[in-house]
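# A closer look at the structure
Residue-level listing of the chains:
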Amino acid sequence: MRRGAGRPLRVGLYGGFGLGNLGNDATISVVVEHLRRNRPTVDLRLLTYADDPDLVARRFGVTTVSLLRPRQDRPVGRVKRIVARPWRLLRQLAHVWAAVRRVDAVVVAGGGVFEAEGTAGVSGWVGMTGLLTLSLAASLGRRHHLAFVGVGGTYAPRRLERFLVASSTRRAEHRSFRDEESKTALGRMGGAAQEDVVGADLVFARGWSARTSCVPGIGRASASA
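What counts and what doesn't
Residues numbered from 1 in each chain as written. Predicted model: local features only at pLDDT ≥ 70, side-chain atom pairs only at ≥ 80, totals over all residues. Heavy atoms only, no water. Helix = DSSP H or I, 4+ residues; strand = E, 2+ residues; numbered from the N terminus. Contact = heavy atoms within 4.5 Å. Areas by Shrake-Rupley, 256 points an atom, 1.4 Å probe, with all protein chains shown as cover. Pairing = 2+ DSSP bridges. Axes fitted to C-alpha atoms, helices over the stretch in contact; angles between N-to-C directions. Salt bridge = Lys/Arg side-chain N within 4 Å of Asp/Glu carboxyl O. Buried < 20%, exposed > 50% of the residue type's maximum accessible area, 1.4 Å probe, protein only. Right-handed = clockwise from strand over helix to strand, strands pointing away. Core = buried A, V, L, I, M, F, W, Y, C linked by side-chain atoms within 4.5 Å. Patch = residues over 30% accessible without salt bridge, like charges linked within 9 Å, V, L, I, M, F, W, Y side chains within 5 Å. Parallel < 35°, antiparallel > 145°, perpendicular 65-115°, else oblique. Left-handed = near helix turned anticlockwise from the far one by under 90°. Phe/Tyr/Trp six-rings, centres within 6.5 Å; stacked < 30°, edge-to-face > 60°. Lys NZ or Arg CZ within 6 Å of the ring centre and 35° of its normal.

## Notes on the overall build of the protein chain
Looking only at helices and strands, the protein chain has six helices and seven strands in total. Once local pairs closer than 6 in sequence are excluded, the contacts in the protein chain between residues at least 24 apart make up 69%. As presented, the protein chain carries roughly 11,200 Å² of accessible surface, and 53% of it is formed by carbon and sulfur atoms.

## Considerations on the side chain of T64
Within the element layout of this structure, T64 appears in strand β3 (residues 63–66). Residues in contact with T64, not counting those within four places in the same chain, are L46, T48, P53, V56 and A57.

## Details of the sheet that holds strand β2 (residues 43–48)
Read from one edge to the other, the open sheet built from seven strands follows the order β3-β2-β1-β4-β5-β6-β7, with strand pairing classed as parallel. Each of the sheet's edge strands pairs with one partner strand only, and the pair in question is β3 and β7 (197–198). The pairing of strand β1 (residues 10–14) with β2 spans five bridges and is parallel. Looking at β2, one finds that V11 is bridged to L44. Packed on one face of the sheet, helix α6 (residues 180–188) meets β5 (145–151), β6 (174–177) and β7 and runs near 130 degrees to β6.

## Thoughts on the pattern of salt bridges
Enumeration according to the criterion identifies nine salt bridges in this entry. Here R59 makes a salt bridge to D25, at a shortest N to O gap of 2.9 Å. Of this pair, R59 sits in helix α2 (residues 53–60) while D25 is found in helix α1 (residues 22–38), placing the two residues 34 residues apart along the sequence. The class for D25 is buried, based on a relative accessible area of 4%. Put simply, E161 and R158 hold a salt bridge, and the shortest N to O gap is 3.4 Å.

## Let's talk about the pairing of β2
Handedness of the crossover joining β1 and β2 through α1 is recorded here as right-handed. Looking at chain direction, β2 and β3 are connected through four bridges and run parallel. The residue of β3 that forms the bridge with T48 is S66. For the crossover that starts at β2, traverses α2 and ends in the parallel β3, the hand is right-handed.

## Some words on the nonpolar core
Ranked by internal contacts, the top residues of the largest apolar core, which has 28 residues, are Y14, V106, V108 and F114. Broken down by secondary-structure element, the contributors of at least two residues to this core are α3 (78–100), β4 (105–109), α4 (124–139), β5 and α5 (159–169). Per-element accounting of this core gives the leading share, six residues, to α4. If you look at the next biggest cluster of nonpolar residues, it comprises 21 residues, including F17, F60, A109 and A147.

## Quick word on a nonpolar patch on the surface
Judged by side-chain polarity, W125, V126, L160 and F163 come together as a nonpolar surface patch covering roughly 410 Å² of accessible area. When contributions to the nonpolar patch are tallied by element, the ones reaching two or more residues are α4 and α5. Structurally, the position occupied by V126 is in helix α4. With a relative accessible area of 40%, V126 lands in the partly exposed category.

## A closer look at the side chain of S182
Looking at the secondary structure, you find S182 in helix α6. Given the relative accessible area of 2%, S182 is considered buried. Not counting the four nearest positions on each side in its chain, S182 is found in contact with F114, V151, G152, G153 and F177.

## Looking at the packing of α4 against α5
In the contact formed by α4 and α5, the axes pass within 8 Å of each other and the chain directions differ by 20 degrees. Between α4 and α5, the crossing angle belongs to the class labelled roughly parallel. Crossing angle aside, the handedness with which α4 passes α5 is left-handed. Facing α4, whose interface residues are G124, W125, M128, T129, L131, L132 and S135, α5 presents L160, E161, L164, V165, S167 and S168.

## Some points on the packing of aromatic side chains
Enumeration over the complete set of coordinates arrives at one aromatic pair. When the centroid spacing of 6.4 Å and the interplanar angle of 80 degrees are considered together, the rings of Y14 and Y49 count as edge-to-face. Of this pair, Y14 sits in strand β1 while Y49 is found in the loop between β2 and α2, placing the two residues 35 residues apart along the sequence. Of the two residues, Y14 and Y49, both sit in the buried class. Of note, R188 hangs over the ring of Y155, and the distance from its end group to the ring centre comes to 3.8 Å.

Following this line, the structure appears as C-alpha cells:
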C-alpha cells in the first residue's frame, strides 16, 4: 500500500462511534486494540458523525475527525431554508470528501452501516449519499484504499437508497459481513459478491491474529471468533 513519503500509513476507521450506540463503541474499541497490538506503526483516525470529536478522542484515545460540517445559523424563513438546503448538502458532502482524502485507507468497521435506523449516524438517501461520497473519496487513486469489515444492515425499501448503498460497497477492495442476513440483503441490492466473507461480529473477534488485519493492503481483512 502506498503512503505519504516520510510518514506512517494513515488509516481512518469509520462508523457510528460516540453516538450513544454501545455496540458500535464496543466494536471500535476492539478494532483499535487489534490494530495497535498488531500494527503499532499505523496512524489511526476515527471518522464519525459525532458532533464532539474531542470527547470521542478522549474516550477512545484516537485522533477523531467529525464528518459533520460545523453548524451555521439557519436562514430565516421557510422559502430561504428550502433554497439553502441543496447548498448545505453539497457543502456537507465536500466536507466529508476533504476529511476522507486526508487518510490513506478507510475501514468501515462493523456496525449497521446500511440499516434503516441509521445507527452509523446516517440514514435515508441523504445519509447514503454521504456514504457513497466517503467510498469514492476513499477508493479513487492508487494511494487510497477502502474496506467494509464485519458490517451489517437491512434491505433498503427505496430504489435510490439501494443504488447508493450498492454503489458504495462495490468500491471496496474487501467486504465482509457480521451475518448471512446482512450479506443476503446487500446481495439483493447488488452490492455484495458470492465470495464475500461472513464472520463473527467484530466485537466478538478478539482472537484476530496479525495475519487477519482489517487494513486493506497489509493483511487479510477477515476475522474468526
